[in-house]
Structure formats: C-alpha cells, structure tokens
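What follows is each chain in one-letter form.
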Amino acid sequence: MIRLESREFERLKLLAETAYPDEFCAILLGRAGNDEIVIQRVLPARNEHENPGYAYAISPAVLIASQRKARDEGQQIVGFVHSHPDHPPMPSETDHDEALWLDHIYGIATVSTGRFQALKFYRLSGTSIDDRRFESVEFRIA
C-alpha cells in the first residue's frame, strides 16, 4: 500500500496540469516499510527528454541532489512520477524500457486537455533488469 500525503497529491496534480501538453516528472521522497510506502514529498524535476511530449528524462545531477536532500531530511527516494498527456495511466513500452530502479514505485498521472484525470502507481519488481515488470499498487491519500 502507498500512502500519499494530501498536500503532495495536490502538488502533483498542479505539476501535471502545468506541464501539459508535455510530460511532467518528479522524484518521490518518503519512507518505505514492509507493508507501506509513505510519499512525503514530490520533488519536481525538469523534463530533460528531447521529446518531452512523448517521454521524460531526469538528469543525473538532479537525481544526486535529490538523494542528498532525502538523506538530509531522513527520507529516501521511494520512486518517481510522470504524466501521460491524453493517454491512460498505464506503463508504456518506453516506461518499461527506461525504468531501472527495482523495488521502487512509478506513478503515472493522466492529464486530458490540460486537466488532471487519474493517478496510478506501479512497483518495478524483478530480480534483475532483464526480468523487471510493473505491478499495480493501491494507494490512498492521507
């Protein structure tokens, strides 16, 4: 189960709508336990992809800075989130090919004609990059 703090859910929705028609992306900070992942902070990241309307990319420098910020705040990177403009919140082939953080969560927000529609979370599971797969994970807003 994922617990997303309500103020961060609102931030996520605003980020997704503001980036439309491009994909937005962000890094998720929080705590991961045995049965629950708590998302305490959504850190926006500039979409560095050459075609931001189709895919997203986060720079290595931003990832390193986010890891430091998480450590300084007693948190960890628990996953990532991005939007699918005018498409359902399901992992695309590109999402699967680009996802590398095993046992982390990946959120996908749907934005249609500039308005937030839906959010789904998936855990990237598997024993190696070669057998990774997305598994749907329930979430609630706290």
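Just so you know, these numbers come straight off a predicted model, no measurement behind them.

S.K.: Would you mind going over the pairing of strand S6 (residues 115–125) with me for this structure?
M.R.: The two faces of the sheet receive side chains in turn, since in a regular strand these alternate between them. Note that strand S5 (residues 105–112) and S6 share eight bridges and pair antiparallel. Each bridged residue has a counterpart across the sheet, and for Ser 112 the counterpart in S6 is Arg 115. In textbook terms, the turn of a hairpin is the stretch between consecutive antiparallel strands, and for S5 and S6 this stretch comprises two residues, one of which, Thr 113, has a positive phi near 45°.

S.K.: Mind showing me how you'd approach the sheet that holds strand S8 (residues 139–141) here?
M.R.: Taken in spatial order, the eight strands line up as S7-S6-S5-S4-S2-S3-S1-S8 in an open sheet, and their pairing is mixed. In this open sheet, the two strands that pair with only one neighbour each are strand S7 (133–137) and S8. Within this sheet the neighbouring strands show an average axis-to-axis angle of 35°, counted without direction. Here six bridges tie strand S2 (residues 25–32) to strand S4 (residues 76–85), and the two strands are oriented antiparallel to one another. The residue bridging Ala 26 from the neighbouring strand is Val 81, located in S4. Helix H1 (residues 6–19) contacts strand S1 (2–4), strand S3 (37–45), S4, S5, S6 and S8 of the sheet and is inclined by roughly 30° relative to S3. Contacts from helix H2 (residues 60–72) reach S2, S3 and S4 within the one sheet, and its direction differs from that of S4 by about 135°.

S.K.: What exactly am I supposed to notice about the packing of aromatic side chains here?
M.R.: Using the criterion set out here, one finds six aromatic pairs in the structure. Seen from their ring centres, Phe 80 and Trp 101 are 5.0 Å apart, and the 80° between their planes marks the pair as edge-to-face. Taken together, the residues Phe 80 in strand S4 and Trp 101 in the loop between helix H3 (93–98) and S5 connect sequence positions 21 residues apart. Residue class for Trp 101 comes out partly exposed when judged on its relative accessible area of 25%. Here the aromatic rings of Tyr 122 and Phe 134 are separated by 6.2 Å at their centres, their planes lie at 70°, and the arrangement is edge-to-face. With Tyr 122 in strand S6 and Phe 134 in strand S7, this pair connects stretches of sequence that are twelve residues apart. As far as burial versus exposure is concerned, Tyr 122 and Phe 134 are alike and both buried.

S.K.: Mind showing me how you'd approach unusual backbone geometry here?
M.R.: Only a minority of non-glycine residues have a phi that is not negative, and only a minority of peptide bonds are not trans. For the bond from Tyr 20 to Pro 21, the omega torsion is 15°, close enough to zero to count as cis. Tracing the backbone through its elements, the reader meets Pro 21 in the loop between H1 and S2. The phi dihedral of Asp 86 is positive, around 60°, even though this residue is not glycine. Checked against the element boundaries, Asp 86 lands in the loop between S4 and H3. Given a relative accessible area of 40%, Asp 86 falls into the partly exposed group. Located in the positive-phi region is Thr 113, a residue other than glycine, with phi close to 45°.

S.K.: Explain the pattern of salt bridges to me, please; I cannot follow it from the model alone.
M.R.: Scanning the model with the defined rule gives ten salt bridges in all. Here Lys 69 ties to Glu 73 by a salt bridge, and the two come within 3.4 Å at their closest N and O atoms. The class of Glu 73 is partly exposed, set by a relative accessible area of 36%.

The rules behind these values
- Residues numbered from 1 in each chain as written.
- Predicted model: local features only at pLDDT ≥ 70, side-chain atom pairs only at ≥ 80, totals over all residues.
- Heavy atoms only, no water.
- Pairing = 2+ DSSP bridges.
- Helix = DSSP H or I, 4+ residues; strand = E, 2+ residues; numbered from the N terminus.
- Axes fitted to C-alpha atoms, helices over the stretch in contact; angles between N-to-C directions.
- Contact = heavy atoms within 4.5 Å.
- Phe/Tyr/Trp six-rings, centres within 6.5 Å; stacked < 30°, edge-to-face > 60°.
- Buried < 20%, exposed > 50% of the residue type's maximum accessible area, 1.4 Å probe, protein only.
- Salt bridge = Lys/Arg side-chain N within 4 Å of Asp/Glu carboxyl O.

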